[in-house]
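# Coordinates in review
Chain residues, written in single-letter form:
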Amino acid sequence: MSSHANGWTEVGDGVFVRRYEPVDVSVGAIVGPTGVTIVDTRNSPEEGDEILRDVVAEFRRPVVAAINTHAHYDHTFGNERFAAHGVGIYGHVLVPRHFEQHEAPRLAAVQADPSREPDKSWAGVHLTPPTVLVDAPFTIDPGERMIELLPIEPGHTDTDLAVHVPDAGVWFLGDVLEESGAPMFGSGSFPLGWPAALRSVLGRVGADEAIVPGHGAVVDRAFGERQADQLEAVAAFIRSSYAGSGADSGSAALPAELLALWPESSLRSALRAGYAALAAER
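Residues numbered from 1 in each chain as written. Predicted model: local features only at pLDDT ≥ 70, side-chain atom pairs only at ≥ 80, totals over all residues. Heavy atoms only, no water.

## Quick word on the side chain of Asn-79
Residue position: Asn-79 is located in helix H3 (residues 79-84). What makes Asn-79 buried here is its relative accessible area of 0%. Within the local environment of Asn-79, its side chain forms a polar contact with the backbone oxygen of Thr-128, the two atoms lying 2.8 Å apart. Residues in contact with Asn-79, not counting those within four places in the same chain, are Thr-41, Asn-68, Ile-89, Thr-128, Pro-129 and Pro-130. (Helix = DSSP H or I, 4+ residues; strand = E, 2+ residues; numbered from the N terminus. Buried < 20%, exposed > 50% of the residue type's maximum accessible area, 1.4 Å probe, protein only. Polar contact = N/O pair within 3.5 Å; in protein donor to acceptor, adjacent residues only side chain to side chain. Contact = heavy atoms within 4.5 Å.)

Next up, the structure:
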């Protein structure tokens, strides 16, 4: 890997990553002969504009496409700025539904009362779903660079999309995998299915290929397998806890080994989602 003074790191031939604050989100730039494809658009129109400026300044090529690895705000709320420039945006077919169920209510609440989440600059955000919805493996070549898009089974969300640049040996997995912190059980997560979903996509990753997580430094397949083991420990705890206590997730005592990896609030979110899924199976 080679680092550039302005923050872009080359993680494969012509594939770059820049880690932006807030929330240490990893933004990808897949550089082709005639243009650049961006992976994830950050948290607001202003942050989307920053990506566009940084890309043009560094690579001297136009942005020809954008890809959302999943629907969460810190990866999609910059979409509107890309769309305003006529850039096609690729994303999972269920992103619009996730927006309606999760991101739209939260955005409306914060816009009505910014004090609810004062760290968010969402006054000017207009939810902009992907313009090309992906429901099966799909190959694109914006900027004359082949990119594979692979929907992932429900895990971090039901909108997770793997992005593979085969000629560079680089994968972008969004928040199905995280390095700078524990993977979060946020809005629309599927904690019981997440370990298998991660293992399924890892089965496609070559031993020498690089994986860009949604947040943090580039990792390899072995790191991903270790994180899948941790996610499986959460899923196993949810199942055993549900069997012992029924539908009351709030009464479950959280194991110390899981609290060493996750905040209590995240584990409680996982319990609620997992209990709901198990109740629905009855």
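Once you've had a look at it, read on.
## Brief notes about the packing of aromatic side chains
Following the criterion strictly, the structure yields 10 aromatic pairs and no others. Relative to Trp-194, the ring of Phe-185 lies with its centre 5.2 Å away and its plane at 80 degrees, an arrangement referred to as edge-to-face. Of the two residues, Phe-185 and Trp-194, neither departs from the other in class, the shared state being buried. For the pair Tyr-242 and Tyr-275, a centre-to-centre distance of 5.1 Å together with 85 degrees between the ring planes defines the contact as edge-to-face. Of this pair, Tyr-242 sits in helix H6 (residues 221-245) while Tyr-275 sits in helix H8 (residues 264-281), placing them 33 residues apart in sequence. Residue classification places Tyr-242 among the buried residues on the basis of a relative accessible area of 9%. Through a chain of ring-to-ring contacts, three or more aromatic side chains come together here, namely Trp-8, Phe-16, Tyr-20 and Phe-59. (Phe/Tyr/Trp six-rings, centres within 6.5 Å; stacked < 30°, edge-to-face > 60°.)

## Re the nonpolar core
By size, the foremost hydrophobic cluster in this structure holds 35 residues, and its most contacted members are Trp-171, Leu-198, Ile-211, Val-234, Ile-238 and Trp-262. Broken down by element, this core gets its largest block of residues, eight residues, from H6. The contact partners of Leu-198, leaving out residues within four places of it in the chain, are Val-176, Leu-177, Gly-224, Gln-227, Ala-228 and Leu-231. (Core = buried A, V, L, I, M, F, W, Y, C linked by side-chain atoms within 4.5 Å.)

## Brief notes about the packing of H6 against H8
Contact pair H6 / H8: the axes reach a minimum separation of 9 Å and the direction vectors enclose 60 degrees. When the axis of H6 is compared with that of H8, the two are oblique. When you trace H6 past H8, the crossing you get is right-handed. Residues Val-234, Phe-237, Ile-238, Arg-239, Ser-241, Tyr-242 and Ser-245 of H6 form the contact with H8, whose own contacting residues are Leu-267, Ala-270, Leu-271, Gly-274, Tyr-275, Leu-278 and Ala-279. When the residues that make up the contact of H6 with H8 are grouped by side-chain class, the tally is 10 nonpolar, three polar and one charged. (Axes fitted to C-alpha atoms, helices over the stretch in contact; angles between N-to-C directions. Parallel < 35°, antiparallel > 145°, perpendicular 65-115°, else oblique. Left-handed = near helix turned anticlockwise from the far one by under 90°. Nonpolar A, V, L, I, M, F, W, Y, C, P; charged D, E, K, R; others polar.)

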